[in-house]
Amino acid sequence: MSDKNINNKHLNIGIYAHVDSGKTTLSEALLFLCGAIRKSGRVDHGDTFLDTYALERSRGITIFSKQAELDLSENTHVTLLDTPGHADFAPETERTMKVLDAAILIISAADSITNHVQLLWKLLSHYEVPVYIFVNKMDQPQADKEKLLKDIQARLSEHCLDFSGIIADEKCLDDPAIQEELAVCDDDLLTGFLENETPVGHSDIIKLIIERKLFPILFGSALKMQGIEDLIKLIDLYAPAPEYPGEFAARIYKISRDPSGTRLSWMKITGGNLEVRSEIIPGEKVDQIRIYSGDKYESVKKASAGQIVAVTGLNSSRAGMGLGALKNEAPDILQPILSSRIILPEGTDTFKAYKQLMEIAEEEPLLSIKRSEETGDISVQIMGQVQMEILKHLCNERFGLNIDFGPGTIVYKETIRSAVEGVGHFEPLRHYAEVHLMLTPLEPGSGLKFDTDCKTDILAKNWQNLILSHLHEFNIKGVLTGSEITDMKITVIGGRAHEKHTEGGDFREATMRAVRQGLMMAENILLEPVYDFSIEVGSEHVGRVLSDIQKMNGSCNPPEIIQNSTGDPDDLISLITGSVPAATLKDYANELISFTHGKGRISLSLKGYEPCHNAEEIILEKAYDPESDLNQPTGSVFCSHGVGTVIPWDRVRDYMHVDLGFSFENDNASGQNDIPITDLDLMGDKLKAFRSGEVKKEENLSFAERSKAFDASIQELDRIFEQTYGPVKPRYDRKADEERKRRAKEAPAPKKYKAKSNFSPDDAYILVDGYNVIYANPELKALAIKDMKSARDKLMDILSNFQGFRRETVILVFDAYKVPGGSEHVLKYHNLDVVFTKEAETADQYIERTAHEYSKNSRVTVATSDAIEQVIIYGAGAIRMSAGDFWMEIERTESEIRDKL
């Protein structure tokens, strides 16, 4: 078998199709006509050469990709990859595309272009795989070649050309009509054809196919062996011969196990040679090199570039991994959007079951099996119902484990809106590490990227590399719902190690805490999966479809009138395209078929992840508390008097040992690092960030110089303020405040972080009676009558802006005394603390209690128009301010912001 691979042309060809299109039947026909098997098997007989798994034969579908070796001619040897056709196994299908030289796309004459065919077409386009199209089942009575050709050209590409005549007689290439059809595939060829009458030759056709500018089509029937010899001739004549470099490189595309349990790493050699005993992963050597054909294999000592082999002896390999000169990973495009809890039999050892399931997850990485440390529950991400059934069967067959699945839920993700610096510190006794990371949002669909931008005199290169390896290793949760984070770049920008006390595990802890602390500081966005859809219905159903899409929180383009695939010029239908959240789509395909009486058709493809349409509802439903997550802590550990002390995330910057400042890279021509402030709501936060020294003003200034420069600008703003409004008493003594912060750093930190509702009595405070203030504003009062939640959100936005500019700490209080079982809790809304009182406690009672406690050491102002409450808080030593006066103060503050801008 290995000798055959020395042919002039070695091709790796995958076969792709929608389920039940005759894909495995075509594979059998190719193998039989090329002499690789003696008898062509049939799916319905359960005796096919490539469906070797018992469940595949019993269900009549392909579940796992297989390979077979065959010779198309004396000069062309082919490794044929048969792939699953069911949509639930599309990720397995996608992984094979990373190692192909060409692909055969099968289209059923009975079904024409299905949703899955369009998905396969997009994936093949993404991986830039040359495609040969074979229209199968042309022996069926309803098959119409002309209509099918028009449909393929309309839905896939206008450069899909019928090669039946060319393969039958190459002299047909001289036909001017065929020459023109070929020439229009490329501008240069068309220019030469029209101006110089230069004919399109054999080499031109091969080049067009390689560049995916031409897609040859053949028609036939795999079951009756019609058109198969033409397909063999087409690939033999026009398939490109790949070229490979001399340096060893390989791409792993699949992990599996043989019947004896031996782990197999399937890879394509993309450069050089691979020999037995080669160390291609540090510390791991190749034991065997196997070339499979069906369920049998031949062991070889060496594999050459272009071959697909299964290797034993590698324990840390993974699908998508590059080896040798091929260093980069090849991530999958398709992602599951459903998650389900695995239900284990009563009395099952959860940890043992988790390890067994992780073995299966090596073979299908997108299962993303996770185990909750708190509850012990195991969850899995899945593509659909059929995959769940296969997973059940695999667990029962391999481990005797009879599992079941809970209800499926949507897989959400999280990202951030703007860049933020995350700080993590880990310093229990005799340990030390501090990590500074820059978290930057990326374009949707970018995933996670990691980099380092730190000088070695700040942090040694080996520690930087260790941090990067930990970032790759972590499965970091977001802080809104505990979902996976995505679409951001995490860059190492600083840190510190200790000569004696730092160990590798210290940086692991510090790195995790840095990411989580940064996420807690950032403005986070919840993302949900969104489908692109294409719906074809009669004009009488357009209104219903548009209404349905609107109800599902989707968006759509104006309907287009197109001709139906029947080819009848009078048979027109409406095409509606757009996007819709996966969570709301549910079983709409069946609903569409129902109300259109089987005439409607919907095509779906995963567009990606976009901001969630009902984020607040999902966040409340998930009820994830990031500060209670012990596996991924948000705070840091500092050493105080020989004892490790936990510091909460919002105070870490006060205790950190390395102060790098907080900088953004701007893409404007000036090259400065200032962030243009275009939104008034951001002004308060920016000033606050400048005051704390978190934003660089000039690239060439030190942190101390920047602070001094900005202090001067603040003094100038204060001078303008006094000229406008007269002398005012400072809200706080800057020197006293700096002295307080110095003492806070020297004092031992609290060993346990108290709830956010226990605000420290420090500086000046404004306590706001939320509902009282809402009803004192005509606009918010009108909004509250219609939607109280919207009125609350609007007030929180206004006060967030107000808080950013004022030096007082604003605490907004809402009644929750009628909520059964409700407990006092605090919502951190941007820079604003929002308190919801506990059951049986009114906002008045909370404000009175807090004003009495804080007024002992601080200046407290209470904003309310409740007369009785005003008297009580006045007796407590607080300052009264009516709701109307408070709104005037807000307007005055906003005017100040505009003037200073």
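For the structure, see preceding data.
What you see is a predicted model, and the numbers here were worked out from it, not measured in a lab. (Residues numbered from 1 in each chain as written. Predicted model: local features only at pLDDT ≥ 70, side-chain atom pairs only at ≥ 80, totals over all residues. Heavy atoms only, no water.)

Draft legend 1. Local environment of the packing of aromatic side chains. Per the counting criterion, the structure on display carries eleven aromatic pairs. With centroids separated by 5.1 Å and ring planes inclined at 40°, the aromatic side chains of W266 and Y292 adopt a geometry described as tilted. Here W266 is found in strand β9 (residues 263-271), whereas its partner Y292 is found in strand β13 (residues 288-293), with 26 residues between them in sequence. What makes W266 buried here is its relative accessible area of 7%. The exposure class assigned to Y292 is buried, which follows from its relative accessible area of 7%. Their ring planes at 50° and their centres at 4.8 Å tell us that Y765 and Y854 sit as a pair that is tilted. Separated by 89 residues along the polypeptide, Y765 in strand β36 (residues 764-769) and Y854 in helix α26 (residues 843-854) bring together distant segments of the chain. (Phe/Tyr/Trp six-rings, centres within 6.5 Å; stacked < 30°, edge-to-face > 60°. Helix = DSSP H or I, 4+ residues; strand = E, 2+ residues; numbered from the N terminus. Buried < 20%, exposed > 50% of the residue type's maximum accessible area, 1.4 Å probe, protein only.)

Draft legend 2. Structural detail: the sheet that holds strand β3 (residues 76-82). One open sheet holds the seven strands; their spatial order is β2-β3-β1-β4-β5-β7-β6, and the pairing between them is mixed. Edge positions in the open sheet fall to β2 (66-71) and β6 (160-162), since each of these has one partner strand only. On average, each strand axis in the sheet is tilted by 25° relative to the strand beside it, whichever way the strands run. The pairing of strand β1 (residues 9-17) with strand β4 (residues 102-108) spans five bridges and is parallel. Each residue of the ladder has a partner; that of I13, found in β4, is A102. (Pairing = 2+ DSSP bridges. Axes fitted to C-alpha atoms, helices over the stretch in contact; angles between N-to-C directions.)

Draft legend 3. Local environment of the environment of Q335. Relative to the assigned elements, Q335 resides in the loop between β17 (322-324) and β18 (338-343). According to the relative accessible area criterion, Q335 is partly exposed, its value standing at 27%. Each C-alpha atom, one on Q335 and one on I382, is 8.9 Å from the other, the two residues being 47 residues apart in sequence. In contact with Q335, other than residues within four places in its own chain, are L366, M383, K413 and L606. (Contact = heavy atoms within 4.5 Å.)

Draft legend 4. Region of the structure containing helix α9 (residues 202-210). Looking at α9, one finds that the buried residues are I205, I206, L208 and I209. Down the axis of α9, the buried side of the element spans an arc of 160°, and every buried residue falls inside it. Buried residues belonging to α9 abut β5 (131-136), α7 (176-183), α8 (187-196), β7 (215-219) and α10 (228-238). R212 sits one or two positions beyond α9 and adopts a positive phi of about 55°. (Arc of directions from axis to C-beta.)

Draft legend 5. Spatial organisation of the side chain of Q67. By the secondary structure assignment, Q67 is in strand β2. A distance of 3.0 Å separates a polar side-chain atom of Q67 from the backbone oxygen of Y292. Setting aside residues up to four positions removed in sequence, Q67 forms contacts with L50, T79, L80, L81, Y253, W266, I291, Y292, S293, G294 and I308. (Polar contact = N/O pair within 3.5 Å; in protein donor to acceptor, adjacent residues only side chain to side chain.)

Draft legend 6. Summary view of the pattern of salt bridges. Summed over all chains, the structure comprises 37 salt bridges. Measuring nitrogen to oxygen at the nearest pair gives 2.8 Å for the salt bridge that ties R155 to E536. Here the residue R155 occupies a position in helix α5 (residues 145-155), and E536 occupies one in strand β29 (residues 524-537), the gap between them amounting to 381 residues. By relative accessible area, R155 is classed as partly exposed at 22%. A relative accessible area of 10% means that E536 is categorised as buried. With a closest N to O distance of 3.6 Å, E363 and R257 form a salt bridge. Of this pair, E363 sits in helix α11 (residues 350-363) while R257 is found in strand β8 (residues 249-257), placing the two residues 106 residues apart along the sequence. The buried category is assigned to E363, whose relative accessible area is 9%. Residue R257 is classed as partly exposed on the basis of its relative accessible area, which comes to 22%. (Salt bridge = Lys/Arg side-chain N within 4 Å of Asp/Glu carboxyl O.)

Draft legend 7. Molecular detail of the sheet that holds β13. Taken in spatial order, the six strands line up as β14-β13-β16-β9-β8-β17 in an open sheet, and their pairing is antiparallel. On the outer flanks of this sheet lie β14 (296-300) and β17, each paired with one strand and no other. The average undirected angle you get between the axes of adjacent strands in this sheet is 40°. Here five bridges tie β13 to β14, and the two strands are oriented antiparallel to one another. Residue S293 lies in a different strand from β14, and its bridge partner there is K296. On top of the sheet, α11 reaches β8 and β9; it is set at about 140° to β8, its chief contact.

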